[in-house]
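An overview of the molecular structure
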Amino acid sequence: MILAHGVGGRADLPLPVWLFAYSAAFALLISFVALRILWPRPRLAAAADGRPAPALLDHVATSLRPVAQIGALVLFVATLVSAWFGVDAVADNLAPTALYVAFWVGVPILSALLGDFWRRVNPLWTVAAVLDRLGRRDPEASTATGIWATHWPAAAGLAVFLWLELAYHEPGSPAVVGIFLGAYAGVMLVGAAAFGAGWLRTGDGFAVFFSLLAALAPLHRDDESGRLRLRWPGVGLARVEPGRGTMAVVLVLLGGTAFDGFSRTAVWDDALGTRRGWDATIVNTAGLVLAIGVVAVLFLVACRLVAILANDDRGTLEQSWRWVPSLIPIVLAYSVAHYFSLLVFEGQSFVALLSDPFGEGWDLFGTAGNTIDYTAVSPEFIAYVQVAAIVAGHVGGVIAAHDRAVELYPPRVAVRSQYPMLGVMIAYTVGGLLLLLNA
Amino acid sequence: MRHRHVWRALVGVFAATTLVAACGDDTETATDTTTTTADTTADSTANDGGHDHGGRSFEAVDPVPTVEVEATEDAKAGWNIHVMTTDFTFTPEKVNDAETTSGEGHAHLYVDGTKINRLYGSWYHLGGELEPGEHEVRVELNANDHRPYVADGTPIAATTTITVEGDSTTETPVDEEAGQVIEITVSGGEVTGGGRHEVALGERVTLRVTSDIDDHVHLHGYDVFQDVAAGEAAELTFEADIPGVFEVELEDSVIQLVELEVS
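Computed from a predicted model, the values in this text were never measured in an experiment.

Rules used in this analysis
- Residues numbered from 1 in each chain as written.
- Chains lettered and ligands numbered in written order.
- Predicted model: local features only at pLDDT ≥ 70, side-chain atom pairs only at ≥ 80, totals over all residues.
- Heavy atoms only, no water.
- Helix = DSSP H or I, 4+ residues; strand = E, 2+ residues; numbered from the N terminus.
- Contact = heavy atoms within 4.5 Å.
- Areas by Shrake-Rupley, 256 points an atom, 1.4 Å probe, with all protein chains shown as cover.
- Salt bridge = Lys/Arg side-chain N within 4 Å of Asp/Glu carboxyl O.
- Buried < 20%, exposed > 50% of the residue type's maximum accessible area, 1.4 Å probe, protein only.
- Pairing = 2+ DSSP bridges.
- Axes fitted to C-alpha atoms, helices over the stretch in contact; angles between N-to-C directions.
- Buried area = accessible area lost by both parts, 1.4 Å probe.
- Polar contact = N/O pair within 3.5 Å; in protein donor to acceptor, adjacent residues only side chain to side chain.
- Nonpolar A, V, L, I, M, F, W, Y, C, P; charged D, E, K, R; others polar.
- Expected span 1.5 Å × (residues − 1).
- Core = buried A, V, L, I, M, F, W, Y, C linked by side-chain atoms within 4.5 Å.
- pLDDT = per-residue confidence, 0-100.
- Parallel < 35°, antiparallel > 145°, perpendicular 65-115°, else oblique.
- Patch = residues over 30% accessible without salt bridge, like charges linked within 9 Å, V, L, I, M, F, W, Y side chains within 5 Å.
- Phe/Tyr/Trp six-rings, centres within 6.5 Å; stacked < 30°, edge-to-face > 60°.

Observations concerning the overall build of chain B
Secondary structure assignment for chain B yields six helices and 20 strands. Pairs at least 24 apart in sequence give 61% of the contacts found in chain B among residues at least 6 apart. As presented, chain B carries roughly 13,900 Å² of accessible surface, and 50% of it is formed by carbon and sulfur atoms.

With respect to the pattern of salt bridges
For side chains bearing opposite charge, pairing can occur when the charged atoms are close. Summed over all chains, the structure comprises 19 salt bridges over all chains. R264 of chain A is the partner of E259 of chain B in a salt bridge, and the nearest nitrogen-oxygen pair spans 3.2 Å. With E259 of chain B in strand 20 (residues 255–262) and R264 of chain A in the loop between helix 11 (246–262) and helix 12 (266–272), the pair connects residues from two separate chains. Neither E259 of chain B nor R264 of chain A differs from the other in exposure class; each is buried.

Comments concerning the sheet that holds strand 7 (residues 123–126) of chain B
All names here are of chain B. Spatially, 2-3-7 is the arrangement adopted by the three strands of the open sheet, whose pairing is antiparallel. With partners counted over all chains shown, the strands left at the sheet margins are strand 2 (66–73) and strand 7, one partner each. With direction set aside, neighbouring strand axes in the sheet form an average angle of 20°. Note that strand 3 (residues 79–86) and strand 7 share four bridges and pair antiparallel. When the sheet's bridge partners are listed, I81 is paired in strand 7 with Y124.

Re the interface of chain B and chain A
Contacts between the two partners involve 21 residues from chain B, matched on the other side by 17 residues from chain A. For chain B, the biggest contributors to the area lost against chain A are H220, P243 and V245 of chain B; these three give 27% of the whole. Here chain B is connected to chain A by three residue pairs in polar contact (both at pLDDT 80 or more). In the side of chain B that touches chain A, the residues fall into seven nonpolar, seven polar and seven charged.

Some words on helix 11 of chain A
Between its first and last C-alpha atoms helix 11 of chain A spans 24 Å; for 17 residues at 1.5 Å apiece the expected length is 24 Å, and the two agree. Buried residues dominate helix 11 of chain A, accounting for 16 of its 17 residues.

With respect to helix 8 (residues 174–195) of chain A
Residue and element names in this part refer to chain A. End to end, helix 8 covers 31 Å across 22 residues, agreeing with the expected 32 Å (1.5 Å per residue, within 8%). Taken residue by residue, helix 8 has P174, V176, V177, G178, F180, L181, Y184, A185, M188, G191, A192 and F195 as its buried positions. Phi turns positive one or two residues past the end of helix 8, at G196, with a value near 100°.

A short note on the nonpolar core
In terms of nonpolar packing, the biggest core is built from 150 residues, with W104, F299 and Y428 of chain A together with L207 and L260 of chain B touching the most fellow members. Considering each element in turn, this core owes the most residues, 12 residues, to helix 16 (residues 379–408) of chain A. Discounting residues that sit within four places of it in the chain, Y428 of chain A has contacts with L251, L254, V295, L298, F299, L327, I330 and Y334 of chain A. Among the nonpolar cores identified, the runner-up in size contains 25 residues, and F58, F90, L119 and I162 of chain B belong to it.

Describing the sheet that holds strand 4 (residues 228–230) of chain A
Residue and element names in this part refer to chain A. Taken together, the three strands give an open sheet; going across it, the order is 2-4-3, and neighbouring strands pair in antiparallel fashion. The sheet is open, and its two borders are formed by strand 2 (51–52) and strand 3 (219–221), each paired with just one other strand. Sheet analysis places strand 2 next to strand 4, joined by two bridges and oriented antiparallel. Looking at the pairing, R51 lines up with L230 of strand 4. Here helix 3 (residues 55–85) sits on the sheet in contact with strand 3 and strand 4, set at roughly 70° to strand 3.

With respect to the confidence of the model for chain A
Confidence in the prediction for chain A averages 90 pLDDT; 98% of positions are at 70 or higher. Mean pLDDT values for the elements of chain A range from 76 in helix 14 (residues 316–320) of chain A up to 97 in helix 10 (residues 205–213) of chain A.

Section: the packing of helix 13 (residues 277–309) of chain A against helix 17 (residues 411–437) of chain A
To describe two helices that pack against each other, one gives the angle between their axes and the distance between the axes. Residues and elements named next belong to chain A. Where helix 13 contacts helix 17, the axes come no closer than 8 Å and their chain directions differ by 170°. The angle between the axes of helix 13 and helix 17 places the two elements in the roughly antiparallel class. Taking contact as the criterion, the partners of V295, L298, F299, A302, C303, L305, V306 and L309 in helix 13 are, on helix 17, V413, R416, S417, P420, M421, V424, A427 and Y428. Here the residues of the contact of helix 13 with helix 17 are counted per class, giving 14 nonpolar, one polar and one charged.

Some words on the side chain of T100 of chain B
All names here are of chain B. Locating T100 in the fold gives a position in the loop between strand 4 (89–90) and strand 5 (104–111). There is a polar contact of 3.0 Å between the side chain of T100 and the backbone nitrogen of N144. The contact partners of T100, leaving out residues within four places of it in the chain, are F58, A143, N144, D145 and Y149.

Some thoughts on a nonpolar patch on the surface
Residue and element names in this part refer to chain A. On the surface, a nonpolar cluster with roughly 360 Å² of combined accessible area is contributed by L28, F32, L309 and Y419. By secondary structure assignment, the location of L28 is in helix 1 (residues 17–37). When its relative accessible area of 39% is taken as the criterion, L28 is described as partly exposed.

Let's talk about the side chain of R231 of chain A
Examined against the element boundaries, R231 of chain A turns out to sit in the loop between strand 4 and helix 11. Of the polar contacts made by the side chain of R231 of chain A, one reaches the backbone oxygen of A48 of chain A; its length is 3.4 Å.

Observations regarding the packing of aromatic side chains
Residue and element names in this part refer to chain A. Under the defined criterion, the tally for this structure stands at 30 aromatic pairs over all chains. With a centroid separation of 5.4 Å and 65° between ring planes, the pair formed by Y168 and W278 is classed as edge-to-face. Separated by 110 residues along the polypeptide, Y168 in the loop between helix 7 (152–166) and helix 8 and W278 in helix 13 bring together distant segments of the chain. For W278, a relative accessible area of 51% puts it in the exposed group. Members of the aromatic cluster, joined through ring pairs, are Y100, F103, W104, F117, W118, F161, F180, Y184, F206, F209 and F210.

As structure tokens, this is what we get:
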């Protein structure tokens, strides 16, 4: 992502060809080895519960929660105020960096590391929960029915955000960020008022995205006891229960990130030509829709082939949902591969902006004068992180899909059914690496 | 007469030689009314070279005036020249008078040997564009009829040196110091010479941008700007010391000029 005039002024170097070749070859190899050596019975679900975390860790996490909750709310309000009333300059206004870097890149990575902390920290939920309590309603409950109870509203919200970030011609304008945040918060709070704060768990696209990534985390809270538990990273995927619209959420995210990479290639530069403003927005919108479409069609075709090979007579959509969890590691991988350097470099600018959120010349934390140190990590390190993320995401996806297959089908059928799924994952992985190669 | 012939020949062939010869005995020729021809020739030479000519100098009498000069850079533009004299009065009202009383007159200002202006007072603002580097500022006291003041054969003058910023070492030998030059032309929104350019890390790079509209060139990441005027080439030189891919853009019209791949 290059937001004009400031945020993300630097983009990553193309991946060295040798590194591309090694990682693509490794991904192919591991895919076929996986078929031979992986377990014949599902194992992830049993491991997903893990064991109790040390009491001290639980205690620290629990006592940090209100701090994080208030901090997130304050930061959200500061971002809104800055977007609406702050300086009209991307680099000097807190809002664009807060939204596109700290929130959009930072929170997903934290969710994959720490678990679903956003469930409680989400400022929209905080506000809606207070309103629910005032109205003597259970903030965890949702009375939504029909399509409102599915993940489709979440997918729509994320699609709007991705369109703004990747297709609209002035994504970095503080005013535009302000309009988006205000409108998004407004719609979410109206939904929460209508159905209860609990609706945000399925209706708020960001919350849904973060909770899906949290399935990868080594930390989770037990639903009944509320105690913190430790588990192997990734095993939580077995507990993800995709519903209607979950597949749309994941495919929109995957397609969006793929388009972000694609829009940085010379191919797209040529397609865009000299178009600017709304002309560029229209072409980029087409590209974004196309990218999501390609990713989605590949996945649906693979799911259909799996069903045919396994003699599964469920409808395509219904049985496609079952494979959605195996895409989650790939979503995280794409996000890390494309945005790691943005987080490292522009994150420094976020720290500086926090000291002077409204451009008033404040220096709250003594960081206002900080400038971005572009030597903080080397291009080689960035390249290794990118490749490691993509390959790890691939391995995670293959394992999750395999585990789901042996859960659904007898071992021999399961292995046979996995060829199409492996194919689509190789396509995503090699495609992702190709985008990095041509960055 | 023979003496005069020789002199004339010398003047005719080598003006420079004439000059040196004329300067050699200023006090004597100043009173020598017989060497009319030589005097005229020498005078014209003196004017050409901006050199004080002995035959047309003015000998100061006690108290001998003195002059000092000081140059300070003006906050806005140019330099302020302060001429500090003793036993000397600026008499612009008498300029071009044949008569001069010792201790009155005006001054001449030279920069790098070239006469810039007459001075009628102790302050002068030296404006205009000076090339980056060192320049010699010389102030000379003159009689009303412009003859330079001398005392015991030495011109009464003062010299100071000013240094114009702009780093003559980086700008003067342009080709060597510009490093890798990337030429970009923008016309009617179309960019010529655009696309991706590879640059070695640590190398010096100059972007030479010609545009048909007034705008600013912005190198993202490095965050350096350069104004560009319509129809005039603007140059932006920088050390490529941050690795990565960077966009160069015409800021106001949001036109991407090039991408620099620094590695």
